[in-house]
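One letter stands for each residue in the lines below.
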Amino acid sequence: MEGGAADDALLVSLRSAVDAAPDDVPLRLHLAALLLERDRRDEAVTHIAAALQREPTSVQALALMRQAMSVEPPPVTSPPPRTAADDDVLAGLDEQLRDVVPPMFVEGEDEPEGDAHDVEVSNVRLGDVGGMEQVKERLEAAFLAPMRNPELRRLYGKSLRGGLLLYGPPGCGKTFLARATAGELGARFLAVSLADILDMYIGQSERNVHELFETARRNSPCLLFLDEVDALGQRRTNLRNSAMRGTVNQLLTELDSVKSDNEGVFVLAATNQPWDVDTALRRPGRFDRMLLVAPPDQTAREAIFRYHLSERPVANVDLRKLAKLTDGFSGADVAHVCDSAAERALIEASRSGSVRMIEMRDLEAAAKEVKPSTGPWFETARNFVMFANESGTYDDLLAYMRSRRLM
Amino acid sequence: MTVDPAAVAVSRAEAALDVGRPQEALRLLAPAFASGDSPSRAWCIAALAHLNLGDAHRAFEAAGAATTANPEGEWGHRLIAVSLGRLGRWQEAMHAALRARDLAPHVWQTHLQVSRVARALDDHQTAWQAALEAVRLGPDSADTHLNVGACALKSGDRAQAERAFREALRIDPNNVGARNELARLDLSGKQLGAAATGFFEAARMDPREEAARYNLDLTLRLFLARIAYVVMIGGWIGLQVGRGVGSGELNPSGARVGALIALVAAPTLGYYRYRKSVVGMSPQVRRYLMDRLRSLRLGICIAPLVVALILLVAVLPAPASAAVGLLGAAFFCALVARLMLWAERRWHRRSGKKLRS
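Here we summarise the structure given alongside this text. (Residues numbered from 1 in each chain as written. Chains lettered and ligands numbered in written order. Predicted model: local features only at pLDDT ≥ 70, side-chain atom pairs only at ≥ 80, totals over all residues. Heavy atoms only, no water.)

The next subject is the overall build of chain A. When you go through chain A residue by residue, the secondary structure sums to 18 helices and 6 strands. Across the 407 residues that make up chain A, the buried fraction comes to 44%. Put simply, of all contacts in chain A between residues at least 6 apart along the chain, 74% involve residues at least 24 apart. Looking at chain A as shown, the accessible area adds up to about 21600 Å², and 52% of this sits on carbon and sulfur atoms. (Helix = DSSP H or I, 4+ residues; strand = E, 2+ residues; numbered from the N terminus. Buried < 20%, exposed > 50% of the residue type's maximum accessible area, 1.4 Å probe, protein only. Contact = heavy atoms within 4.5 Å. Areas by Shrake-Rupley, 256 points an atom, 1.4 Å probe, with all protein chains shown as cover.)

What follows deals with the overall build of chain B. The number of helices and strands found in chain B is 17 helices and 0 strands. In terms of overall dimensions, chain B is more spread out than a globule: its C-alpha atoms have a radius of gyration of 28 Å, far above the 21 Å expected for 357 residues. For chain B, the spread of C-alpha atoms along the principal axes amounts to about 100 × 40 × 35 Å. Across the 357 residues of chain B, 45% fall into the buried class. For chain B, the computed accessible surface area is about 17800 Å², with 58% contributed by carbon and sulfur atoms. If the 44 positive side-chain charges of chain B are averaged to one point and the 30 negative ones to another, these points end up 11 Å apart. (Rg over C-alpha atoms; globule rule 2.2 N^0.38 Å. Lys, Arg positive; Asp, Glu negative; His and termini not counted. Charge placed at Lys NZ, Arg CZ, Asp CG, Glu CD.)

Let's shift gears to the packing of aromatic side chains. Residue and element names in this part refer to chain A. Enumeration over the complete set of coordinates arrives at 9 aromatic pairs over all chains. Look at Tyr167 and Tyr394: their rings are 6.2 Å apart centre to centre, the planes differ by 70°, and that puts the pair in the edge-to-face class. Residue Tyr167 is located in strand β2 (residues 163–167), and its partner Tyr394 is located in the loop between α17 (375–387) and α18 (395–403); the two are separated by 227 residues in the primary sequence. Among the residues examined, Tyr394 registers a relative accessible area of 3% and is labelled buried. (Phe/Tyr/Trp six-rings, centres within 6.5 Å; stacked < 30°, edge-to-face > 60°.)

Turning our eyes to something else, we now look at a nonpolar patch on the surface. Residue and element names in this part refer to chain B. Nonpolar side chains collect at one region of the surface, where Tyr229, Ile233, Trp236, Ile237 and Val241 lie side by side and expose about 440 Å² of accessible area between them. Structurally, the position occupied by Val241 is in helix α13 (residues 210–242). On the basis of relative accessible area, Val241 is assigned to the partly exposed category, the value being 39%. (Patch = residues over 30% accessible without salt bridge, like charges linked within 9 Å, V, L, I, M, F, W, Y side chains within 5 Å. Salt bridge = Lys/Arg side-chain N within 4 Å of Asp/Glu carboxyl O.)

The next subject is the environment of Asn383(A). By secondary structure assignment, the location of Asn383(A) is in helix α17. Residue classification places Asn383(A) among the buried positions, given a relative accessible area of 7%. Residues Asn383(A) and Met407(A) lie 24 residues apart in sequence; the distance between their C-alpha atoms is 9.6 Å. When sequence neighbours within four positions are dropped, the list of residues in contact with Asn383(A) reads Ala388(A), Pro207(B) and Arg213(B). In terms of polar contacts, Asn383(A) uses its side chain to reach the side chain of Arg213(B), at 3.3 Å. (Polar contact = N/O pair within 3.5 Å; in protein donor to acceptor, adjacent residues only side chain to side chain.)

A word on unusual backbone geometry. Most peptide bonds adopt trans geometry, and most residues besides glycine take a negative phi value. The peptide bond linking Ser220(A) to Pro221(A) adopts the cis configuration, its omega dihedral lying at -5°. Summarising the element assignment, Pro221(A) is placed in the loop between α10 (205–218) and β4 (222–226). For Asn316(A), which is not glycine, the phi torsion reads 50° and is therefore positive. Its identity as a non-glycine residue notwithstanding, Asp122(B) has a phi of 60°, on the positive side.

Taken together, the 26 residues of chain A in the interface contact 24 residues of chain B. The contact between chain A and chain B buries some 2000 Å² in all, and 59% of this surface belongs to carbon and sulfur atoms. Three residues stand out in chain A for area buried against chain B, namely Leu198(A), Phe387(A) and Glu390(A), and they jointly supply 31% of the buried area on that side. On inspection of chain A and its partner chain B, the count reaches 3 salt bridges. With a closest N to O distance of 2.8 Å, Arg21(B) and Asp230(A) form a salt bridge. One can count 4 residue pairs in polar contact (both at pLDDT 80 or more) joining chain A with chain B. Going through the elements one at a time, α9 (194–200), α11 (229–232) and α17 of chain A are the ones with two or more residues in the side of chain A that touches chain B. (Buried area = accessible area lost by both parts, 1.4 Å probe.)

Moving on, we come to the pattern of salt bridges. Side chains that differ in charge, positive against negative, can pair when their charged atoms come close. Residues and elements named next belong to chain A. Going through the model one piece at a time under the given rule, you end up with 39 salt bridges over all chains. Across the pair Arg289 and Asp288 runs a salt bridge whose closest N-O atoms are separated by 3.3 Å. Relative accessible area serves as the criterion here: at 23%, Arg289 is assigned to the partly exposed category. Where Glu348 meets Arg361, a salt bridge forms, and the shortest distance between an N and an O atom there is 3.8 Å. Here Arg361 lies in helix α16 (residues 360–369) and Glu348 lies in helix α15 (residues 331–352), a separation of 13 residues in the sequence. Accessibility expressed as a relative area gives 42% for Arg361, which makes it partly exposed. Beyond isolated ion pairs, a larger network of salt bridges with shared partners links Glu348, Arg356, Glu359, Arg361 and Asp362.

In globular proteins that are soluble, nonpolar side chains generally tend to be buried together. Counting residues in each nonpolar core, the largest one holds 96 residues, and the members touching the most others are Leu224(A), Leu226(A), Leu251(A), Phe287(A), Trp377(A), Tyr394(A) and Leu397(A). It is helix α3 (residues 40–52) of chain B that provides the largest number of residues to this core, a total of 8 residues. Leaving out residues up to four positions away in the same chain, Leu226(A) has contacts with Val192(A), Leu212(A), Leu232(A), Leu251(A), Val267(A), Leu268(A), Ala269(A), Ala270(A) and Phe287(A). Grouped together as the second largest cluster of nonpolar side chains are 45 residues, Leu187(B), Met232(B), Ala255(B) and Leu298(B) included. (Core = buried A, V, L, I, M, F, W, Y, C linked by side-chain atoms within 4.5 Å.)

On to the packing of helix α7 (residues 108–120) of chain B against helix α9 (residues 142–154) of chain B. Residue and element names in this part refer to chain B. α9 packs onto α7 with a crossing angle of 25° between their chain directions and a minimal axis gap of 11 Å. As the angle between them shows, α7 and α9 are arranged roughly parallel. Both α7 and α9 take part in a crossing whose hand is left-handed. Contacts from Trp108, Leu112, Ser115, Arg116 and Arg119 in α7 reach Asp143, Thr144, Asn147, Ala150, Cys151 and Lys154 in α9. Here the residues of the contact of α7 with α9 sort into 4 nonpolar, 3 polar and 4 charged. (Axes fitted to C-alpha atoms, helices over the stretch in contact; angles between N-to-C directions. Parallel < 35°, antiparallel > 145°, perpendicular 65-115°, else oblique. Left-handed = near helix turned anticlockwise from the far one by under 90°. Nonpolar A, V, L, I, M, F, W, Y, C, P; charged D, E, K, R; others polar.)

Here it is in structure tokens:
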């Protein structure tokens, strides 16, 4: 307690000193460092920014700014969990009141009130994603850091408009990464699948899109994840149906947030076919940043193998060796390898009549049988990289494909 | 108000097809078929989905079911014609296309289909008449103009073909077919650079379009073959002069002049001939073509051409005793390069045939 009071006194005197000598950068940075130690990030950021204004190349200031940007998100405040005792009490009250006070109005068999879309709380964090360090780093820098630091965002005049488009071959974990991003932000997760998108094209399509964004706003902070966004944001020139064009236009309006406030709504989209996404959707303020989610690297494959084998009877499995054997496999392919290996063991067990564990030989044989499903995707991607990359949209894909000798 | 699940399923499937998900469309159609009273439209969408998936047999079956459900619906008959065309059964396709046209003579798509089938059957008159009727009924469709261009090309009217392709491009600037056909006109007019740029543009519009890429690669091969030809002819002339044809004595100075002609004059003339094409080539096309040149197969073909050029350079300072021999070797290498490029191009054309089929 005494220490805390002394600290406060130190901060007060340092603030006075900074006010007296606003151009003293070391003094400002010292104050900012102390503020960061005490978790007063917003004030610290203000001082670091002021220091950077005076000395834009200051290494210490930049380091402090990075530190301020990479802070953990505030814990999600949620109501205390209901206990069995609470339930008992409520159930008892219901029981007692049922006969005494009849309901005022009786509704028909309409759908219950509430959001048409399922909003869930994501418990997954980026730390739960095995490997894929590069993707996680880019996700952190391009999306998470600005989202977590409202003060910094205001300082640099960065609006929350716009989102990030994840792209890559199917089955490589784009949805899982989106879920983990929601977990990192402490936000609710609202996923829109292809089936939802197709439903939007039926009936009042514009209203359906608007309702989707309204649901996200009502559940703010919320990460709205548009899976297979190429279906929703299909190039309007490809669409024959005018109602579908209206849907795309409405999506653009919602993203631009001219009429509505998108504060607290983070939009993330994923697609296997980024080339089919309407260019209007990729303009600044919309999905202006793209992130390649390539097939999992060796560490990630190890983690995926571990996950899929954890509930199965396995013996002497060398995960590292398996991961090396399955270079270029997607997460879905790895899962398929595990299923095939289990199937082999099962068939052998049923033939011999004696149960045995899934062994390394089963997994190795399965890995040889399963062909990476990402091949056709890279074949198509190759043509787009070669012919339609004037603006450098697919530069990261080009670099990846060159590094893997896929070009 | 009750909602018909079959109608909802069909609407969903249509939407799925429109956003490029034929597999999903087929899956979504299941409730429509399960109702037992499958509407003709559902079968038509199924046929279209199968066509998009490249399964003409199943498309034919689905289109047949559509016509059974509604014999008076033109769409089903038209889809039968498309499916049979894909299967190479053109006579039967014509029968179905004519039936569709008779059912809906006011629909331009029916005339277009008749024209396409007639073109495949080399029935130029029917193809022309149907093509013009399709344009009359659907003047704002790029497809109708594209078809007129194709008919004109088949009957050798290049000017009309070009006009029609340009009109198709004006209506739909992203029409890959029209862009590709215009580039093909450039290719047949020996404008290799313009053709390459056109094919590249078509491939850029839709990189999944294999025809444009195939044609672009073909253009590169033709260009290389011409270079080899020019070097070969230059070398042959030099060799004749160097061997002293007529006088019977070796003429090293003549050989050097011949080498110089092959090295400088012939490429200069070639450049003069193709200057517009080469200068007009966009940097992306050049980069792509350079990338292709690095491929193993083309690399092997080009190697003797490069050797021929090196030998031609070596002729200039070479002693009199070696000049004629070097020139002869250069001529031989250019000849080998020309033959290898010819063989490689034939191999490349085979993959083009597969593409057309």
